[in-house]
Amino acid sequence: MTLLKHEMRQGWKTLAVWTVSIGFFIVICVLMYPEMGEEMEGVNEIFSSMGAFTSAFGMDRLNFGTLSGFYAIECGNILGIGGSFFAAFIAVASLAKEEKERTAEFLLSHPVGRPWLVTQKLLAVMLQIFIMNAVVFALSVSSILIIGEDIPWNQLCLLHLAHFLVQIELAGICFGISSFLRRSGIGIGLGIAAVMYFLNITANLSKSAEFLKYITPFAYAEGADILAAGSLEGKLLLPGILYTLIGICTAYWKYCSKDIQ
């Protein structure tokens, strides 16, 4: 487990910065809710008349006057965008950085096989994502308690679980891509996360583009759908699990047979 500990020590600053940033903005949004809650009825009417814009973000199906509806849009977007960028950022650099930083020769000289090295790096990525989500969830619950609102446990847990799975899927895909790279691929990772986000917006805007929901992980993290159904949509979640496994398996296959420079 030496490599896992090394990866965690090496990445703790990045983990801390992203966790504090995402948590801070979510706490601020929750603390603003009591001031904005009384005016949300009027906001609902405004959004309901904005057509395609509200459909793109699912705002036409949510009640901003409730904490759940407000949280799903405001905090959901922060966690969705920030969390996906974080997951892609650390995953796409995980394997590639050894060649970029010229540390591969030292790493591969240890008496362990490449599959074990890939496993340790994968565990480090997943552990960082888990820690970030656990801290952000704790901050969310704490901020709701501060404003004196009842915590909608089922809805809150489902929303955070959905975004956690989005991050795991993007991390798996970017981890696979990382095995092909010899230089920094941060731009590629962030680009993939951004493209997936906008694919979901496109799918919400047009019925002819609904097939994109089976490509982008953000489809099963739609706050409006989760609050309405009270669960995650399995038919959208299954392709995401498949993409994750393909990405991880690709990382093992490519890195274990790769000519390391």
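This text goes with the structure placed above it.
One structure accompanies this document, and this report is about it. The model shown is predicted, which means the values in this text are computed figures rather than measured ones. Starting afresh in each chain, residues are numbered from 1 along the sequence in its written order. A pLDDT threshold of at least 70 governs which residues receive local features in this predicted model, and a stricter bar of 80 or more applies before side-chain atom pairs are shown or counted, although totals over entire chains, interfaces and linings include all residues. Where side-chain values are given, they derive from all heavy atoms of the structure, hydrogens and water being excluded.

This next bit is on the overall build of the protein. Strands are runs of DSSP state E lasting at least 2 residues, helices are runs of H or I lasting at least 4, and numbering of each runs from the N terminus. Tallying secondary structure elements over the protein gives 11 helices and zero strands in all. The buried label applies to any residue whose accessible area, calculated with a 1.4 Å probe on protein chains only, is under 20% of its type's maximum; exposed applies above 50%, and partly exposed to all values in between. Within the protein, buried positions represent 48% of all 261 residues. Should any heavy atoms of two residues lie within 4.5 Å, those residues are considered in contact. The long-range fraction of contacts in the protein, counting pairs at least 24 apart against all pairs at least 6 apart in sequence, stands at 77%. Residue-level accessible areas treat just the shown protein chains as cover; the underlying method is Shrake-Rupley with a 1.4 Å probe. For the protein, the exposed surface amounts to about 12,600 Å²; the carbon and sulfur share of it is 67%.

The next thing to look at is the environment of Ala228. Considering the arrangement of structural elements, one finds Ala228 in helix H10 (residues 223-229). You can call Ala228 exposed: its relative accessible area is 69%. Considered as a pair, Ala228 and Gln155 are 73 residues apart in the sequence and their alpha carbons are 9.7 Å apart.

This paragraph deals with the packing of aromatic side chains. Each Phe, Tyr or Trp ring (for Trp, its six-membered ring) is paired with any other whose centre lies within 6.5 Å, and the angle between the two planes then decides the class: stacked below 30 degrees, edge-to-face above 60, tilted in between. Counted according to the given criterion, the structure contains nine aromatic pairs. Ring geometry for Trp18 versus Phe89: centroids 6.1 Å apart, planes at 40°, classification tilted. Placement of Trp18 in helix H1 (residues 2-37) and of Phe89 in helix H4 (residues 67-94) is noted, with a sequence separation of 71 residues between them. Considering the side-chain rings of Tyr197 and Phe218, the 5.4 Å spacing of their centres and the 85° angle between planes classify their relative orientation as edge-to-face. One end of the pair, Tyr197, is in helix H9 (residues 186-205); the other, Phe218, is in the loop between H9 and H10, and 21 residues separate them in sequence. Here Tyr197 and Phe218 have matching classes, each one buried. Through pairs of rings, three or more aromatic residues link up here, namely Trp18, Phe86 and Phe89.

Next up on the list: a nonpolar patch on the surface. A patch consists of residues exposed above 30% relative accessible area that lack any salt bridge, with like charges linked at up to 9 Å and nonpolar side chains (Val, Leu, Ile, Met, Phe, Trp, Tyr) linked at up to 5 Å. Between Lys or Arg on one side and Asp or Glu on the other, a salt bridge is scored when a side-chain nitrogen of the former is within 4 Å of a carboxyl oxygen of the latter. There is a patch of nonpolar side chains on the surface, built from Val20, Phe24, Phe25, Ile28, Leu31, Met32 and Ile146 and spanning about 670 Å² of accessible area. Val20 gets classed as exposed once you look at its relative accessible area, which sits at 56%.

Moving on, we come to the packing of H4 against H9. It is the contact of H4 with H9, at a shortest axis distance of 8 Å, that shows an interaxial angle of 150°. One finds that H4 runs roughly antiparallel with respect to H9. Seen from above, H4 lies across H9 with right-handed handedness. Contacts between H4 and H9 involve Asn77, Ile81, Ser84, Phe85, Ala88, Phe89 and Val92 on the former and, on the latter, Ile186, Gly189, Leu190, Ala193, Ala194 and Tyr197. When the residues that make up the contact of H4 with H9 are grouped by side-chain class, the tally is 10 nonpolar, three polar and no charged. Note on geometry: axes are C-alpha line fits, over the in-contact stretch for helices, and angles between N-to-C directions span 0 to 180 degrees. Roughly parallel here means an angle under 35 degrees, roughly antiparallel means over 145, roughly perpendicular means 65 to 115, and every remaining angle is called oblique. A crossing counts as left-handed when the near helix is turned anticlockwise from the far one by less than a right angle, and as right-handed when that turn is clockwise. Polarity classes work like this: nonpolar for Ala, Val, Leu, Ile, Met, Phe, Trp, Tyr, Cys and Pro, charged for Asp, Glu, Lys and Arg, and polar for all others, with Gly in that last group.

Within the structure shown, the criterion is met by two salt bridges. A salt bridge links Lys121 to Glu7; its shortest N-O distance comes to 2.9 Å. Pair noted here: Lys121 is in helix H7 (residues 114-146) and Glu7 is in helix H1, with a separation of 114 residues, a long-range link. For Lys121, a relative accessible area of 1% puts it in the buried group. Between Glu233 and Lys235 there is a salt bridge, with the nearest N and O atoms lying 3.5 Å from each other.

Attention now moves to H4. Given a rise of 1.5 Å per residue, 28 residues ought to cover 40 Å, and the 38 Å separating the end C-alpha atoms of H4 matches this to within 8%. Its maximal kink placed at Gly76, H4 deviates by approximately 35°. Extensive coverage of H4 is indicated by the burial of 21 of its 28 residues. One less than the residue count of a helix, multiplied by 1.5 Å, gives the span that helix is expected to have. Note on bend: at a given residue it equals the angle between the axes fitted to the 7 residues ending there and to the 7 starting there.

Relative to the helices and strands, Ser179 is located in the loop between helix H8 (153-178) and H9. What Ser179 contacts, discounting residues up to four positions off in sequence, is Leu95, Thr250, Ala251, Lys254, Tyr255 and Lys258.

Within the element layout of this structure, Thr216 appears in the loop between H9 and H10. Classification of Thr216 as buried rests on a relative accessible area of 1%. We call two N or O atoms a polar contact when they sit within 3.5 Å, provided that within protein one can donate a hydrogen and the other can accept it, with sequence-adjacent residues counted only if both atoms are side-chain atoms. At 3.2 Å, the side chain of Thr216 forms a polar contact with the backbone nitrogen of Phe218. Beyond its immediate sequence surroundings of up to four residues, Thr216 is in contact with Met196, Leu199 and Asn200.

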